[in-house]
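# Commentary on secondary and tertiary structure
So you can see what is in the structure, the chains are spelled out below.
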Amino acid sequence: MTVAKPRLTFSQSVNLMVDRAIGHLDLRRGLAEQIKATNNVIKVEFSIQLDSGKYELFTGWRAVHSDHRLPVKGGIRYSPHANQDEVEALAALMTYKCAIVNVPYGGSKGALRIDPRKYSEDELERITRKFARLLISKGYISPGENVPAPDMGTGQREMAWIADIYRIMHPEDINHFACVTGKPVSNGGIRGRVEATGRGVQFVIREFFRHPAEVLAAGMEGGLEGKRVVIQGLGNVGYYAAKFLQTEDGVKVTAIIEWDGGLVNDNGIDVEGVKQFIAEYGGVKGYGANGIQYVDDGLKLLEKECDILIPAALESQITVNNAPYIQAKLIVEAANGPITYDADEILQGRGIAILPDAFVNAGGVTVSYFEWIKNLSHIRFGRMQRRLDELRGERIIEAMETMTGNVVPPHLKQDIIHGADELDLVRSGLDDTMRLAFQEIVVVKNAMPQVKDYRTAAYIASLQKIVTTHIEMGM
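The text that follows walks through the structure, step by step, so that each part is easy to find. (Residues numbered from 1 in each chain as written. Predicted model: local features only at pLDDT ≥ 70, side-chain atom pairs only at ≥ 80, totals over all residues. Heavy atoms only, no water.)

So, on to the state of the cysteines. A complete count under the given rule lists zero disulfides for this structure. Residue Cys-179 stays outside any disulfide, its sulfur separated by 17 Å from that of Cys-98, the closest cysteine. Cys-179 gets classed as buried once you look at its relative accessible area, which sits at 0%. (Disulfide = S-S within 2.5 Å. Buried < 20%, exposed > 50% of the residue type's maximum accessible area, 1.4 Å probe, protein only.)

Laid out in structure tokens, this is it:
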């Protein structure tokens, strides 16, 4: 009798992927286990009176995977499926993610088991404030130790509530805005944070296509324009990634997968139109644009032939059951853990290139880092130098016109004179971060012939930095 192989938990899957990288490193005894272990985790339970007058009990967690760098960083998600194993796995990913993109944080994560769609705004505010108060009182939220951010089911609104509770509990802390990132711009946030993770996905794919050898090894050629893209999930990350790739890079989105089915059109689907439909009706079923076919079993579209597959929804979407049938040339993991360990082994064996989650979706924490720095410095980016940049641009224009006797065209003049504002600097810093991180991963991959995949190379690059910190600090 054949005994079914037990299904790996999310944290087990992450650890096995890290173990592949550890196998290529000569670590001192016990250090690998220390790095992989979750430092600490808190579980809280609390009740809130709802609008109906009834009380409901809620359960939440906040895990710290590694505090080799402080503060530790990681989002808070609201999900009816949240559990401690998921939180610990996501906290671990944050540790490796921050190291990959050279953001000086340790890894943390939080979650509340709740379906936010079932509660009023007033109820969500009471729930969020109580959850935040409990975490703050236990030291799991503060500008110098643990800094949350938005995740699935949360956004600027929830972060503003958390920041306000911290301010009330710590009125003496002039850096109270820095206790959380992803806030509204009017409340200490930074421009470009909302779309940061999706924009980071775009920058990663752009950088991949700047490396012809990597593109060729993935079975493609040429640039990004015209490439066929299948995307799963039009939430915050998937929407912005798909929108920017479509409108700015000319890709053809041939399938969109959502919770209630999928849409297919080999001639391309208007991402903005679908997003507006989802905002009004809650899903894609019933979307009636010409030429678009609705598919009830959206997950089957993960197997649709395409150049680039972008899973941007939940973890464990590509498993041993569908990995043998995936037809994408390149998978870009915009979600956390969308490919299980066993599925990853199958895809690698089939020669499908995978850009890993711990790198691809690091745009959010990168821009959160910029926001945190802004909050600590108490000055917006660009305030000191923008007008100086514009003045220098004007002098360059004057010099060019004097020397040539010609007038610089207005559109070129505007580009030269324009001084970088906060959004310009955020996008520039994010682009630079994602580019350099990919280049570092490629260097590791090419320098170690036994390393064939980007995930292992990314974890090796990450672990080398974490190990250095542990050794130098005597941890």
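This paragraph deals with the layout of surface pockets. The calculated volume of the second largest pocket comes to roughly 210 Å³. For the lining of the second largest pocket, the secondary structure elements donating two or more residues are helix H7 (212-217), helix H10 (341-349), strand E13 (353-355) and helix H16 (454-472). Residues belonging to the lining of the second largest pocket are distributed by class as follows: six nonpolar, two polar and six charged. (1 Å grid on protein atoms, 1.4 Å probe; cavity = no way out; pocket = protein on both sides within 12 Å on 5 of 7 lines; lining within 4 Å. Points joined across faces, edges and corners; volume = space filled by probe spheres on them. Helix = DSSP H or I, 4+ residues; strand = E, 2+ residues; numbered from the N terminus. Nonpolar A, V, L, I, M, F, W, Y, C, P; charged D, E, K, R; others polar.)

Excluding glycine, residues mostly have negative phi values, and the peptide bonds linking residues are mostly trans. Residues Leu-70 and Pro-71 are joined by a peptide bond in cis, for which omega reads 0°. Within the fold, Pro-71 resides in the loop between strand E2 (55-66) and strand E3 (72-73). Its identity is not glycine, yet Asn-102 carries a phi of approximately 60°, on the positive side. Position of Asn-102 relative to the elements: it lies in the loop between helix H3 (84-100) and strand E5 (106-113). Assessed through its relative accessible area of 51%, Asn-102 is described here as exposed. The phi dihedral of His-378 is positive, around 60°, even though this residue is not glycine.

Quick look at the pairing of strand E9 (residues 261-264) now. Burial along E9 is two-sided: Gly-261 and Leu-263 and Gly-262 and Val-264, pointing in opposite directions, are all buried. By the bridge criterion, four bridges tie strand E8 (residues 252-258) to E9 in an arrangement that is antiparallel. Opposite Glu-258, over in E9, you have Gly-261 as the bridge partner. Remark: two residues form the turn of the hairpin made by E8 and E9, two consecutive strands paired antiparallel. For E9 and strand E10 (residues 293-295), the ladder comprises three bridges, and the chain directions are antiparallel. Bridged to Gly-262 within E10 is Val-295. (Pairing = 2+ DSSP bridges.)

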